[in-house]
Amino acid sequence: MKYAMLICGDDREWAALSPAAEEDVMKQVFGWFERWQPTGKIAEGGIELQPRETAKTVRAGANGEPVITDGPYLELKEVVGSVIVLECDDIDEAVEVAATWPLAPGVSAVEVRPLLSRE
């Protein structure tokens, strides 16, 4: 079964890292991928999202027409910054994999959620 691993945190903390600290975090992240890719647990590689300021949100307006606003849908401290799709036997195994993600500056949580299949 496939699971989404959502890397959550404050992207402003990530942006404030020094180049050396950012390099250290990326080494940890690459190490995580090197550990799990050979096992077949990563179904799709990571997708890193740009900062929240680059987002646009679409909502239904009063007349049902789309209304587009800048930024994320709520004023949040934490946002989803990356998504990785895991291939695991069950959610316990997916959580076991996710629990090894480096909780570096800017990362406050890793959410694991089953993907919905309509097959």
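Everything in this summary refers to the structure shown in the same document. (Residues numbered from 1 in each chain as written. Predicted model: local features only at pLDDT ≥ 70, side-chain atom pairs only at ≥ 80, totals over all residues. Heavy atoms only, no water.)

### Quick look at the sheet that holds strand β2 (residues 42-48)
Okay, step 1: Judged by pairing direction, the sheet is antiparallel, and its four strands sit side by side in the order β2-β5-β1-β6 without closing on themselves. A single partner strand is all that each edge strand has here, and the edge strands are β2 and β6 (109-114). Going from strand to strand, the sheet's axes swing by 20 degrees on average, the running direction of each strand aside.
Okay, step 2: Where strand β1 (residues 2-9) meets β6, six bridges bridge the pair, whose relative direction is antiparallel. When the sheet's bridge partners are listed, Ile7 is paired in β6 with Val110. (Pairing = 2+ DSSP bridges. Helix = DSSP H or I, 4+ residues; strand = E, 2+ residues; numbered from the N terminus. Axes fitted to C-alpha atoms, helices over the stretch in contact; angles between N-to-C directions.)

### Structural notes on helix α3 (residues 91-98)
Okay, step 1: Those residues of α3 not exposed but buried are Glu93, Ala94, Val97 and Ala98. For α3, the buried positions fall inside an angular range of 140 degrees around the axis, keeping them on one side. Seen from the open side of α3, the exposed residues pointing more than 90 degrees away from its buried face are Asp92 and Glu96.
Okay, step 2: Buried residues along α3 sit in contact with β1, α2 (19-36), β5 (79-87) and β6. (Buried < 20%, exposed > 50% of the residue type's maximum accessible area, 1.4 Å probe, protein only. Arc of directions from axis to C-beta. Contact = heavy atoms within 4.5 Å.)

### Observations regarding the nonpolar core
What tends to happen in soluble globular proteins is that the nonpolar side chains get buried as a cluster.
Okay, step 1: Ranked by size, the top nonpolar core spans 19 residues in total, and within it Met5, Trp32, Phe33, Ile42, Ile84, Leu86 and Trp101 carry the most contacts.
Okay, step 2: The biggest single contributor to this core is α2, with five residues.
Okay, step 3: Beyond its immediate chain neighbours, meaning those up to four positions away, Ile42 contacts Trp32, Phe33, Trp36, Gln37, Ile84, Val85 and Leu86. (Core = buried A, V, L, I, M, F, W, Y, C linked by side-chain atoms within 4.5 Å.)

### Observations concerning the packing of aromatic side chains
Okay, step 1: Considering all chains together, one arrives at three aromatic pairs under this definition.
Okay, step 2: Ring geometry for Trp32 against Trp101: centres 4.9 Å apart, planes inclined by 70 degrees, an arrangement best described as edge-to-face. Of this pair, Trp32 sits in helix α2 while Trp101 sits in the loop between α3 and β6, and the two are 69 residues apart along the sequence. Trp101 shares its class with Trp32; the two are buried.
Okay, step 3: Summarising the aromatic geometry, the rings of Phe33 and Trp101 are spaced 6.2 Å apart at their centres and angled 85 degrees between planes, so their arrangement reads as edge-to-face. With Phe33 in helix α2 and Trp101 in the loop between α3 and β6, this residue pair connects regions lying 68 residues apart in the sequence. (Phe/Tyr/Trp six-rings, centres within 6.5 Å; stacked < 30°, edge-to-face > 60°.)

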